[in-house]
Amino acid sequence: MKSQKMIAVYPGFFDPFTVGHLNIVKRAASIFEEVVVLVASDSPKKAMFDFSDRIAMIREVLQSEKYIRVESFEGLLIDYMKKNGYQVIVRGLRTVSDYEYEFQMAQANRTMDEDVETLFLVTAPQYSHLSSTLIKEIARLGGDISKMVPLPVYNKMKKIKNP
Ligand code: ADP
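Summary of the structure given here.

Definitions and limits used
Residues numbered from 1 in each chain as written. Predicted model: local features only at pLDDT ≥ 70, side-chain atom pairs only at ≥ 80, totals over all residues. Heavy atoms only, no water. Core = buried A, V, L, I, M, F, W, Y, C linked by side-chain atoms within 4.5 Å. Buried < 20%, exposed > 50% of the residue type's maximum accessible area, 1.4 Å probe, protein only. Helix = DSSP H or I, 4+ residues; strand = E, 2+ residues; numbered from the N terminus. Contact = heavy atoms within 4.5 Å. Salt bridge = Lys/Arg side-chain N within 4 Å of Asp/Glu carboxyl O. Pairing = 2+ DSSP bridges. Right-handed = clockwise from strand over helix to strand, strands pointing away. Axes fitted to C-alpha atoms, helices over the stretch in contact; angles between N-to-C directions.

1. Structural notes on the nonpolar core
Counting 32 residues, the largest nonpolar core has Phe 17, Val 37, Ile 58, Leu 62 and Val 90 as the members making the most contacts within it. Sorting the residues of this core by element identifies β1 (7-12), α1 (19-31), β2 (34-40), α2 (51-61), β3 (68-73), β4 (88-93), α5 (132-140) and α6 (151-161) as the ones contributing at least two each. Setting aside anything within four residues of it in sequence, one finds Phe 17 in contact with Leu 22, Val 25, Val 37, Ile 58, Val 61, Val 149, Pro 150 and Val 153. Core analysis: the second largest hydrophobic core is formed by 13 residues, Val 9, Ala 40, Leu 77 and Met 81 among them.

Written out as structure tokens, the structure is:
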């Protein structure tokens, strides 16, 4: 089955959204007609930012991007995809360990709905070391994260450290 418009969905927890995430979104937007950045509410990890903050920050980062929109979901990704008629999931790959996890997720999603495809974009080398977890740790220890996150995220993280 072909969708009329080529829309890619980029799901993630984005706690917080990094320049590595931004790079993947923009590259996806150069391939697809539209990209939906899809913010997940649930995470197995403890969050630094709550759901509404994560959504608000990403909206601010992407506000001037005409073909990128931000949506959010709770529950199973594949259910959200089906409900909205979305057929393509984009994920980023940094390392071999990312690959193992992503491969498992993609296979599980495929088992649940074989009309939904997962496509992977390999990280640009300058972002391959970046993860939300690492950035939170550097910020906690007082390091400079200004080149690792977009400005609205940086400002928000600064406020948390120095309220
Ligand atoms: P999740 O918690 O669902 O893995 P993340 O917010 O950590 O979500 O990441 C969302 C997606 O972005 C994942 O596919 C992840 O591999 C990818 N990603 C994260 N950081 C980078 C980066 N620096 N370069 C490329 N892809 C990345």
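Structure shown, so let's carry the discussion forward.
2. Some remarks on the pattern of salt bridges
Pairing of side chains with opposite charge becomes possible as their charged atoms draw close. With the rule as written, the count across this model stands at nine salt bridges. Between Arg 91 and Glu 102 there is a salt bridge; the shortest N-O distance is 2.8 Å. Of this pair, Arg 91 sits in strand β4 while Glu 102 sits in helix α4 (residues 96-112), and the two are eleven residues apart along the sequence. When sorted by exposure, Arg 91 lands in the same class as Glu 102, which is buried. Taken together, the shared-partner salt bridges connect Glu 34, Arg 69 and Glu 71 into one network.

3. Looking at the pairing of β2
With seven of its seven residues buried, β2 lies for the most part within the structure. Alternating positions in β2 separate into two faces, Glu 34, Val 36, Leu 38 and Ala 40 on one and Val 35, Val 37 and Val 39 on the other, with burial throughout. One ladder, built from six bridges, connects β1 with β2; its direction is parallel. Pairing of Val 9 across the sheet is with Val 36, part of β2. In terms of handedness, the path from β1 via α1 over to β2 forms a crossover that is right-handed. Of the pairings in the sheet, the one linking β2 to β3 comprises six bridges and is parallel in character. Note on β3: the bridge partner recorded for Val 36 is Arg 69.

4. Focus on the sheet that holds β4
The strand order across the open sheet formed by five strands is β3-β2-β1-β4-β5, and the pairing between neighbours is parallel. A single partner strand is all that each edge strand has here, and the edge strands are β3 and β5 (117-122). Mean inter-strand twist for the sheet, computed between neighbouring axes without regard to direction, equals 35 degrees. Judged from the two bridges that link them, β1 and β4 form a sheet pairing that is parallel. Bridge pairing links Val 9 to Ile 89 in β4. Running over the sheet, helix α3 (residues 77-84) touches β1, β2, β3 and β4 and is turned about 125 degrees from β3.

5. Side note on the pairing of β4
Counting buried residues in β4 gives six out of six residues, a clear majority hidden from the surface. Residue alternation in β4 divides its side chains into two sets, Val 88, Val 90 and Gly 92 and Ile 89, Arg 91 and Leu 93, and both sets are buried. Summarising the sheet, β4 and β5 pair through six bridges and their orientation is parallel. Among the inter-strand pairings, Ile 89 is bridged to a residue of β5, identified as Thr 118. Regarding the hand of the β-α-β motif, the stretch spanning β4, α4 and β5 is right-handed.

By themselves, these observations are geometric and do not establish any function.
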